[in-house]
Amino acid sequence: MATTPELQDRPRVLVVGGGYVGLYVALKLQKKIANAGGIVTLVDPLPYMTYQPFLPEVAGGNIEARHAVVSHRQHLKQTELIQGRVTSIDHANRTAVIAPADGSDNFEIPYFDVVLAAGAITRTFPIKGLAEKGIGLKTIEEAVALRNKVLDRIEVASVMTDPAERAKALTFVVVGGGFAGIECITELEDLARAAVKNNPRVKQEEIRFVLVEAMGRIMPEVTATQAEWVVEHLRSRGIEVLLNTSLDNAETSIKLINMADKSPAQEFEADTLIWAAGVQANPMVRSTDFPLEPRGRVRTLPDLRIGGDEGIVDNAWAAGDIAAVPDLTGSGLPDGTCVPNAQHALRQAKLLAKNLWASRWEKPLHDYKHKNLGAVAGFGEWKGVANINLLGRIGLKGPLAWLAHRGYHGMAMPTFERKFRVVFNWIIRFFAGRDLTQLIDLDRPRASFVSAATPAPKPAAAAPAPSEAPAAGAPGSAEATKVDPQQAVSANAK
């Protein structure tokens, strides 16, 4: 184990993860813990929190990528920040092992309280070719890459003459019919439609978007009637919706199968394969001594303390996608826990901070009980669906749902500074239109410099010109060097 870097020597609240839960817990506790003589330490491999509901809009060119993230360093000024991953936790000894993001040696860090807030990662299946060909939509980097790829494929296809290659470039496949998948495919379809209008060499009917969903319906967060309307809406925009269908292979082409009998469904080629088929709890929890439930989440009590069959684990807390928090409203998952979404994570984080602070002074703790406010989704400009639970259930679709989507997430975006930037993006978009600028070579930023700094190879030496043959009868010519046999005999006789 490497020597621990110079860190604060004070009682530590260790926050594992800097997403929704980690950011809000640190925001709410940093000043209180510091004034009490302690320190809040947040560990995350990224220097920012990503507001994931905005990723489809980033991919669609409606929001600047940096405005959909919240800087840890800028907003957590009284928090000790470590860029790295917590690889294991030994709660019995109150220590955690951290792997720095720069690849240097792991080190150990002590703590008094620990908050598990590592969130979730993309859930995949062992499908051949998926890891090599697919891309998710869980990070800001993926959203930017998708935006650039859609624009790039349209531009490249516009000069292609091979019909098969052209069709492959202009085919975009999204696997997963939940909120993430639907918002992703609709925003990208809007982006592609706008890009085609600017490119006279590509026709809208050449663009092909395919949504693949293994279940018999999409978007379980809304009513069945609303889900059927969404399918009709997608198909009206030319998006192919394939229900009860699954991805079987992606090595050389996209091979789909029918879920009912696993028989072949379709096979075609596509340059773009987007995987949005769910998430799973961050597997780092398997390297801890905390109790886990069958889905791999940490077991918690309603007050967000970690607890299992052997009782409460002192000074250990968890919330968000990594935690199996009981849903006291009875409207959660079949196992009685809260649905893993941003709405619960944000509210759990605020309660966790209050309860952790209350536990320091032996004050009563409060249970988490939050009635689901509903669900909102945007499908591109002035399009969307919403299911709002205020005075009864209110179902919205079209422009009103789109406004509800933007209103809710605009308010939910952490920090006033980020709210202002996002809303300003929307205002600019309203007057100036969607930004269709394509950024290339982001994965090779030094390519231009390397090309300029590398000396061009010297041109190959020109082959020597063939020498002219001497004129007939001239000295050196074949005729001039011929010797008459009789003259040669006469010369020898002399």
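Right above here is the structure, for reference.
Remember, it's a predicted structure, so these values are computed and weren't measured experimentally. (Residues numbered from 1 in each chain as written. Predicted model: local features only at pLDDT ≥ 70, side-chain atom pairs only at ≥ 80, totals over all residues. Heavy atoms only, no water.)

Asker: Would you take a moment to explain the packing of aromatic side chains for this structure?
Answerer: For the coordinates displayed, the defined rule picks out nine aromatic pairs. Considering the side-chain rings of F430 and F431, the 5.2 Å spacing of their centres and the 90° angle between planes classify their relative orientation as edge-to-face. For F430, a relative accessible area of 57% gives the class exposed. An aromatic cluster is present here, built from Y20, Y51, F54 and W426 joined pairwise through their rings. Cation over ring: R208 sits above F268, and NZ or CZ is 4.2 Å from the ring centre. (Phe/Tyr/Trp six-rings, centres within 6.5 Å; stacked < 30°, edge-to-face > 60°. Buried < 20%, exposed > 50% of the residue type's maximum accessible area, 1.4 Å probe, protein only. Lys NZ or Arg CZ within 6 Å of the ring centre and 35° of its normal.)

Asker: What is the right way to look at the sheet that holds strand β20 (residues 305–308) in this model?
Answerer: Hydrogen bonds between backbone atoms are what pair the strands of a sheet, whose relative direction is either parallel or antiparallel. Strand order in this open sheet of eight strands is β7-β6-β5-β2-β1-β8-β21-β20, and the pairing throughout is mixed. Each edge of the open sheet carries a strand with a single partner, namely β7 (107–110) and β20. Here the average twist between neighbouring strands, direction ignored, is 45°. The strands touched by helix α1 (residues 20–35) within the sheet are β1 (12–16), β2 (39–44), β5 (79–90) and β8 (113–116), with β2 carrying the most contacts at an inclination of about 160°. Each of β1, β8 and β21 (311–318) touches helix α9 (residues 342–360); the most contacted strand, β21, lies at about 125° to it. (Pairing = 2+ DSSP bridges. Helix = DSSP H or I, 4+ residues; strand = E, 2+ residues; numbered from the N terminus. Axes fitted to C-alpha atoms, helices over the stretch in contact; angles between N-to-C directions. Contact = heavy atoms within 4.5 Å.)

Asker: Where do I start with the packing of helix α5 (residues 140–157) against helix α7 (residues 179–197) in this structure?
Answerer: For any two helices packed against each other, the geometry is given by the interaxial angle and the distance between the axes. Between α5 and α7, the least distance of the axes is 10 Å, while the angle of their chain directions is 40°. Judged by the inter-axis angle, α5 sits oblique to α7. As α5 packs across α7, the resulting crossing turns out to be right-handed. Residues L146, R147, V150, L151 and I154 of α5 touch α7, and the partners they reach there are C184, L188, L191, A192, A195 and V196. Among the residues making up the contact of α5 with α7, the classes are represented as 10 nonpolar, no polar and one charged. (Parallel < 35°, antiparallel > 145°, perpendicular 65-115°, else oblique. Left-handed = near helix turned anticlockwise from the far one by under 90°. Nonpolar A, V, L, I, M, F, W, Y, C, P; charged D, E, K, R; others polar.)

Asker: What exactly am I supposed to notice about the packing of α1 against α9 here?
Answerer: Axis separation between α1 and α9 bottoms out at 8 Å; the angle between their running directions is 25°. It follows that α1 is roughly parallel to α9 by the angle criterion. Here α1 runs over α9; the crossing is right-handed. Between α1 and α9, the residues in contact are Y20, V21, Y24, V25, K28, L29, K32 and I33 and A342, A345, L346, A349, K350, L352, A353, L356, W357 and R360, respectively. When grouped by side-chain class, the residues that make up the contact of α1 with α9 number 14 nonpolar, no polar and four charged.

Asker: Just to check I follow, could you spell out α7 for this structure?
Answerer: Residues three or four positions apart in an α-helix share a direction because the helix packs 3.6 residues into each turn. Taking 1.5 Å as the rise per residue, α7 with 19 residues should run 27 Å; its terminal C-alpha atoms sit 27 Å apart, in good agreement. Counting buried residues along α7, 15 of its 19 residues qualify, which places the element largely inside the surrounding structure. (Expected span 1.5 Å × (residues − 1).)

Asker: So what exactly am I meant to see when it comes to the nonpolar core here?
Answerer: The tendency in soluble globular proteins is for nonpolar side chains to be buried as a group. Counting 110 residues, the largest nonpolar core has I89, L116 and M219 as the members making the most contacts within it. Counting 16 residues, the second largest nonpolar core, distinct from the first, contains V173, L242, I254 and W275. (Core = buried A, V, L, I, M, F, W, Y, C linked by side-chain atoms within 4.5 Å.)

Asker: What exactly am I supposed to notice about α9 here?
Answerer: Here α9 spans 27 Å end to end across 19 residues, near enough to the 27 Å set by a 1.5 Å rise per residue. Among the 19 residues of α9, 14 are classified as buried, and the element is accordingly described as predominantly covered. N-cap assignment for α9: the residue whose side-chain oxygen lies 3.3 Å from the backbone N of Q343 is N341. E362 sits one or two positions beyond α9 and adopts a positive phi of about 55°. (Polar contact = N/O pair within 3.5 Å; in protein donor to acceptor, adjacent residues only side chain to side chain.)

Asker: Looking at this structure, how should I read unusual backbone geometry?
Answerer: Trans peptide bonds make up the majority, and among non-glycine residues the majority have a negative phi. Positioned with a positive phi, K262 is a non-glycine residue whose angle comes to about 65°. On the basis of relative accessibility, which here comes to 51%, the residue K262 falls in the exposed class. Of note in this structure, L304 is not a glycine but carries a positive phi near 80°. Here L304 is to be found in the loop between β19 (298–299) and β20.

Asker: So what exactly am I meant to see when it comes to the pairing of strand β6 (residues 95–100) here?
Answerer: Each regular strand carries side chains that alternate between the two faces of the sheet. The buried count for β6 comes to six of six residues, which makes it a mostly enclosed element. Neither face of β6 is open: one carries T95, V97 and A99, the other A96, I98 and P100, and all of them are buried. Relative to β6, β5 runs antiparallel, the two sharing six bridges. If you follow S88 over to β6, its bridge partner there is V97. Here β5 folds back onto β6, and the loop between the two strands holds four residues, one of which, R94, carries a positive phi near 55°. Strand direction decides the pairing type here: β6 and β7, joined by four bridges, are antiparallel.

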